[in-house]
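So you can see what is in the structure, the chains are spelled out below.
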There are 2 protein chains.
Amino acid sequence: MLKVASKATRQQTKLHNSRLILKNVYARGPISRADISRLTNLTATTVSNIIAEQISEGLVEEVGSVSIERGKPPTLISIIDNARLLIALDLSRDDFTGAVMNLRGEILAEQSEPIYDHSTRNCEENDPLTTVYHLIDSLLSETATNLLGIGIGAPGIIDIHSGIVRHASNLGWNDLMLCELLLERYGLPTYIVNDNQAVLLAEHIFGNYEETPDLIVIRVGRGVGAGIMFNGQLVHGHGSGSGEIGHVVVDESGELCRCGNVGCLETVISRPAIVKRAQEIARNYPESRLNEVAGSPESVNIDSVIQAINLGDPHLTPLLQDLGDHLGVAIANLIGALGTPRILLCGSVAQIGQPLLDIIEVEVQKRTLNARINKPKIDVIQSKPNVVLLGAAASLLSNELGLF
Amino acid sequence: MLKVASKATRQQTKLHNSRLILKNVYARGPISRADISRLTNLTATTVSNIIAEQISEGLVEEVGSVSIERGKPPTLISIIDNARLLIALDLSRDDFTGAVMNLRGEILAEQSEPIYDHSTRNCEENDPLTTVYHLIDSLLSETATNLLGIGIGAPGIIDIHSGIVRHASNLGWNDLMLCELLLERYGLPTYIVNDNQAVLLAEHIFGNYEETPDLIVIRVGRGVGAGIMFNGQLVHGHGSGSGEIGHVVVDESGELCRCGNVGCLETVISRPAIVKRAQEIARNYPESRLNEVAGSPESVNIDSVIQAINLGDPHLTPLLQDLGDHLGVAIANLIGALGTPRILLCGSVAQIGQPLLDIIEVEVQKRTLNARINKPKIDVIQSKPNVVLLGAAASLLSNELGLF
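Our subject in this report is the structure included herewith. (Residues numbered from 1 in each chain as written. Chains lettered and ligands numbered in written order. Predicted model: local features only at pLDDT ≥ 70, side-chain atom pairs only at ≥ 80, totals over all residues. Heavy atoms only, no water.)

When helices and strands are tallied, chain A shows 15 helices and 16 strands. For chain A, the share of sequence-separated contacts (at least 6 apart) that also reach a separation of at least 24 residues comes to 59%. When the accessible surface of chain A is summed, it comes to about 16,800 Å², and 48% of that surface belongs to carbon and sulfur atoms. (Helix = DSSP H or I, 4+ residues; strand = E, 2+ residues; numbered from the N terminus. Contact = heavy atoms within 4.5 Å. Areas by Shrake-Rupley, 256 points an atom, 1.4 Å probe, with all protein chains shown as cover.)

Another aspect to go through is the environment of A:Ile205. For A:Ile205, the location among the structural elements is in helix α7 (residues 195-206). Linking A:Ile205 and A:Leu403, residues 198 residues apart in sequence, is a C-alpha distance of 10.0 Å.

What follows concerns the packing of helix α5 (residues 128-142) of chain A against helix α6 (residues 178-186) of chain A. All names here are of chain A. Look at α5 against α6: their axes get within 12 Å of each other, and the N-to-C directions meet at 40°. In this view, α5 runs oblique relative to α6, as classed from their interaxial angle. Along this stretch, α5 crosses α6, giving a crossing that reads as right-handed. Note on element contacts: α6 touches α5 through Leu178, Leu181, Leu182, Arg185 and Tyr186, opposite Leu129, Val132, Tyr133, Ile136, Asp137 and Leu140. Residue classes in the contact of α5 with α6 are distributed as 9 nonpolar, no polar and 2 charged. (Axes fitted to C-alpha atoms, helices over the stretch in contact; angles between N-to-C directions. Parallel < 35°, antiparallel > 145°, perpendicular 65-115°, else oblique. Left-handed = near helix turned anticlockwise from the far one by under 90°. Nonpolar A, V, L, I, M, F, W, Y, C, P; charged D, E, K, R; others polar.)

Let us now look at the relation of the copies chain A and chain B. For the pair chain A and chain B, the best superposition has an RMSD of 0.0 Å and corresponds to a rotation of 180° with a translation of 0.0 Å parallel to the axis. Such values leave the two copies arranged in the relation of a two-fold axis. Of every C-alpha in chain A, the one belonging to A:Asn333 sits nearest the axis of rotation, 3.4 Å from it. Comparing interface residues between copies, 100% of those in chain A also sit at the interface in chain B, which points to an isologous, same-surface contact. (Least-squares fit on C-alpha atoms with pLDDT ≥ 70 in both.)

Residues and elements named next belong to chain A. Residue position: Leu200 is located in helix α7. When its relative accessible area of 0% is taken as the criterion, Leu200 is described as buried. Linking Leu200 and Ile216, residues 16 residues apart in sequence, is a C-alpha distance of 7.2 Å. The residues touching Leu200, leaving out its near neighbours within four places in the chain, are Leu215, Ile216, Val217, Gly227, Ile228, Met229 and Leu234. (Buried < 20%, exposed > 50% of the residue type's maximum accessible area, 1.4 Å probe, protein only.)

This part covers the packing of helix α1 (residues 10-28) of chain B against helix α15 (residues 387-401) of chain B. All names here are of chain B. One way to put it is that α1 packs onto α15 with a least axis distance of 10 Å and a crossing angle of 140°. Taken as axis vectors, α1 and α15 run oblique relative to one another. Residues Arg19, Leu22 and Tyr26 of α1 touch α15, and the partners they reach there are Leu397, Ser398, Asn399, Glu400 and Leu401. Here the contact of α1 with α15 is built from residues that sort into 4 nonpolar, 2 polar and 2 charged.

Under the definition given, this model contains 40 salt bridges over all chains. We note a salt bridge from A:Arg342 to A:Asp379, for which the minimum N-O separation is 2.6 Å. Of this pair, A:Arg342 sits in strand β15 (residues 342-346) while A:Asp379 sits in strand β16 (residues 378-380), placing them 37 residues apart in sequence. The class of A:Arg342 is buried, set by a relative accessible area of 19%. A salt bridge links B:Lys366 to B:Glu363; the nearest nitrogen and oxygen atoms lie 3.5 Å apart. Of the two residues, B:Lys366 and B:Glu363 both sit in helix α13 (residues 354-367), 3 residues apart, roughly one turn of that helix. For B:Glu363, a relative accessible area of 4% gives the class buried. Within the structure, one salt-bridge network assembled from shared partners comprises A:Glu252, B:Glu363, B:Lys366 and B:Arg367. (Salt bridge = Lys/Arg side-chain N within 4 Å of Asp/Glu carboxyl O.)

Written out as structure tokens, the structure is:
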């Protein structure tokens, strides 16, 4: 439902119009002032004035003209891709990764730093926050001008509106006001999203799902979680996280989860859980293809599991069935609540691919009325390694420039 | 994320402005033209022209003026509540109910008709669609002028965008193009929402939750289902229904559900399921307070269950615990995915109230990480009997006049 419009000040209107124009130049440029006017419904004068300002700010430029039959050929306006740079951080891996990116999400510089550098004994050196500082300091030393801000993708429960990490078990962070700390230290506007939300944004904005406003990305890798978008808007979760399907209990007598709970979905289907179970299978069944592929039970990793499944190893059937059933139930719950948005599976475990999808689809059909009405479209995708960086950048570009 | 604005024609702009003004008059009237101009950021001339049109269309009227210190006192504009009437239908009960309503959702006339009239043996007479026609014919005979359209709240899986009932087991409807049929028969624009979505809209628009853009209403009565709103927008479910948590399987070896599946949540916690189990308890334990309250096991209904729970009948403890556990798991799944929106429970079973909420809260805390970060706010509400009619009206008023 539309809300009653509240009073917009002249400044707000101007900012709104300026963003609307920039967004159109970004998405459709090179584009003429006349076309911008038609697309935005703003007057020619307003468009000309704002474009003049954006040229003087070095955000856009004139890039030649098109030839038309009669009259003066209109000049085309284009965004300057490197007009502003940003720093994007991915804190969801064993190594923190940071990059300097331009307005198109192209990486100009990239650095990684391990969170726990065992070569140093200095506690402070090992602290994840210190690592974040090091990483940004180092990236800033290369790029000191035209900086728009900092975008972060981090694991755990994130309050994206206040920029607070409410809970990140891996990093030992609780109620860390990360964005405020970075704003104070660097004077740069800073935005943070959960790593799964970052993947969702990256796939929606820089990937193949721009035209998919209702989208769920489920990552099954070291952790298990989802990014959920409805009507082109990120489901933020009111500061309590969203898409935390990996930390809903599915086995009350299950194993202790790193979140402190017992029997979360993550304890059953995450990469570590799957690999652990596969190693046991390799030990119990010397004839398993796992041993052939990995060399020894201890060397079994997620790639060996995928290879052995593709080789048709019957010893892996129960593992695969359990994995598919559990994912199927989780997806059935999402579909029961949200209908049939587009669903993408990614992460190392999801790369099992079709054999996994087959089981999930049966489970989802069996468990929900909605899926029998419209067959849901579920696919496995292989995200780029820099996908969290891209999503973090998208969050910043959206908040600061209104580009998406 | 904002989408790139596409070209708006002059007509679209005018319609948009006209709706924006009407919405402000509806929500904030009596209001002066100057205040409308400030609130909408439209020019004084545009506001005056559109108000003049709306006066000539009989939608709004001048209702006197306010005294100000200096200058001409501004005239106030108000909506004419009965300017347009609408027909709202509630097809979610044993008796179909219809009402003539005004723009404020006030009922001017109301009628009910049983779906299955056993006094007639004519099959056609018993047909739900024929009953819908009868009901509308009869309401129209009282109100033939100024009709805006028809709004419907119906059970089952509804494709609200195409106006098709995809599946309504109670009514035997599958892929019934109800809105098109009614548009053809009556020449009136017709909109349909699922009954749970109608309750959500009614509580959000006409109830106490106007300022709650992220809202879930869960109904536990004859059926089990939810209406879900994110960012003030109804989660529509892409034609496959949304909020169908009652038809997600929770017990694979459970009972046959009316949807054709086995062991849906509805087969465990709906009013019929709870009453059936309570009747068994009454039979097995003659000393149960159920028998005292209801007179006999056969007379036990949901009110007797609630009374006996309030009297502290220990024989009902396992029933209450199971009900709370199952609802708790369903809510935990919603919270895991969507964070902590405001959650309202309604329907006859939910009226157990606090003893039920206590169990749900424990279960939700135990099962989700999100709920440990922010305690979710879950309440039991008692919806008005006409709540589905109100929601159906809201859907029509929103679509036709853009009032919400």
